[in-house]
Amino acid sequence: MTASNPVRDESSLSPGGRPPLGGAHLDSTAQLMNAITSQLGSQLSRVSIDGARRPAPPALVLVAHGSRDPRTLSTVRSLIERIRELRPHLAVHLGHIELNEPLLPDTLASLQSTQSTRTGEAVLVPLLLSRGYHVKRDIPEAAAAAAPLRTRVAAPLGPHPLLVETLYARLVEAGWRTRMSDSTRRASGIVLAAAGSRDPDAAVDTRRTAHLLAERLGVPVVPAYASAAAPTVAAAVRAMAARGRHRIAVASYFTAPGRFATECAAAAPWIAAEPLGDHPAMARLVLHRYDQAVATPEPAPERALATA
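Residues numbered from 1 in each chain as written. Predicted model: local features only at pLDDT ≥ 70, side-chain atom pairs only at ≥ 80, totals over all residues. Heavy atoms only, no water.

(A) Molecular detail of the overall build of the protein chain. Looking only at helices and strands, the protein chain features 10 helices and eight strands. The buried share among the 308 residues of the protein chain stands at 42%. Pairs at least 24 apart in sequence give 74% of the contacts found in the protein chain among residues at least 6 apart. Carbon and sulfur atoms provide 55% of the accessible area of the protein chain, an area that totals close to 15,900 Å². (Helix = DSSP H or I, 4+ residues; strand = E, 2+ residues; numbered from the N terminus. Buried < 20%, exposed > 50% of the residue type's maximum accessible area, 1.4 Å probe, protein only. Contact = heavy atoms within 4.5 Å. Areas by Shrake-Rupley, 256 points an atom, 1.4 Å probe, with all protein chains shown as cover.)

In structure tokens:
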């Protein structure tokens, strides 16, 4: 993160590899200047050309599923910090569908009583990777119940090329080779492990992500599921091995660590990547979905799900 980890110019090091005298002071000065620049830019962005103050943008409410695994909440909070760093002037809040506080209705209720949002507006961005019951029913119903708070619901995060870039980065971190021989490529494959849903649209979205990842990697990518859909990760691994693919990695198509991600990783015969987590591309994608929703005209009187 730029402000807290300034880039060191290696050309300024002394022959012994130590920074010159006063280097610590220069680092702290750079941090201070970065902070001032960020705050100034945030303030200027809220002033129009004629000098009038622009209204505050709608609040962003990141809607997470919730989990009993404490790593999940920690990861989501870290992602929110990345979002705030990218858009310092934007009010960003968190609401959960279940299992963790604050629950989404409580977050929306708190926004009704604050004056920090523009005419009482909020955009709900699902921290979910595909269409399904939560996106189609749970979140819109919570938004509708929050009246008089004006709300709109953004599209789920997936499918999208930024997710593919995050999956690719996590695989490389786990040991996936960016360059390989033709024979190694012919023996390689990926199982894209996802949560699973009974909604057929969820499977369509996951298959689309698998297709995009296959194009990115140049090897077959097969979607598999932790629950509610087939095949399982273990079954997908067996089927891929039966086709001569013995160098099989599991890509973790989960937003954060948790039980499903852990169980799917345990079925990997070779390497298993970490979940998407707080990768910088995830923060950019959340803001992209937010911006899409803000730019999408909202038909009256119904609230509409922003198009992907």
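Still more ground to cover, so stick around.
(B) Geometry of unusual backbone geometry. Geometrically, the link from Ala-147 to Pro-148 is a cis peptide bond, its omega value of 15 degrees lying close to zero. As for its placement among the helices and strands, Pro-148 is situated in the loop between helix H4 (133-144) and strand E4 (150-153). Each neighbour pair has its own omega, and for Gly-158 with Pro-159 the value is -5 degrees, a cis peptide bond. Among the structural elements, Pro-159 can be located in the loop between E4 and helix H5 (161-174).

(C) The nonpolar core, seen in detail. Among the nonpolar cores identified, the biggest contains 50 residues, and Leu-60, Leu-62, Leu-157, Leu-171, Trp-176, Ile-190 and Leu-213 are the most heavily contacted of them. Broken down by element, the residue count for this core peaks at eight residues, all from helix H10 (residues 280-295). Setting aside its immediate chain neighbours within four residues, Trp-176 contacts Leu-171, Ser-188, Gly-189, Ile-190, Leu-217, Val-219, Arg-247, Ala-249, Trp-270 and Ile-271. Counting residues in hydrophobic clusters, the runner-up holds 16 residues, among them Ala-59, Val-61, Leu-108 and Ala-142. (Core = buried A, V, L, I, M, F, W, Y, C linked by side-chain atoms within 4.5 Å.)

(D) Quick look at the environment of Asp-199. Residue placement: Asp-199 occurs in the loop between strand E5 (188-194) and helix H7 (200-217). Between the C-alpha atom of Asp-199 and that of Ser-130, which follows or precedes it by 69 residues, the distance is 9.8 Å. Looking at Asp-199, its side chain comes within polar contact range of the side chain of Lys-136, at 2.9 Å. (Polar contact = N/O pair within 3.5 Å; in protein donor to acceptor, adjacent residues only side chain to side chain.)

(E) Summary view of the packing of H5 against H10. Where H5 meets H10, the axes come as close as 9 Å, and the angle between the chain directions of the two elements is 170 degrees. In terms of their interaxial angle, H5 and H10 are classed as roughly antiparallel. Residues Leu-162, Leu-163 and Thr-166 of H5 touch H10, and the partners they reach there are Ala-281, Met-282, Arg-284 and Leu-285. A class-by-class count of the residues in the contact of H5 with H10 yields five nonpolar, one polar and one charged. (Axes fitted to C-alpha atoms, helices over the stretch in contact; angles between N-to-C directions. Parallel < 35°, antiparallel > 145°, perpendicular 65-115°, else oblique. Nonpolar A, V, L, I, M, F, W, Y, C, P; charged D, E, K, R; others polar.)

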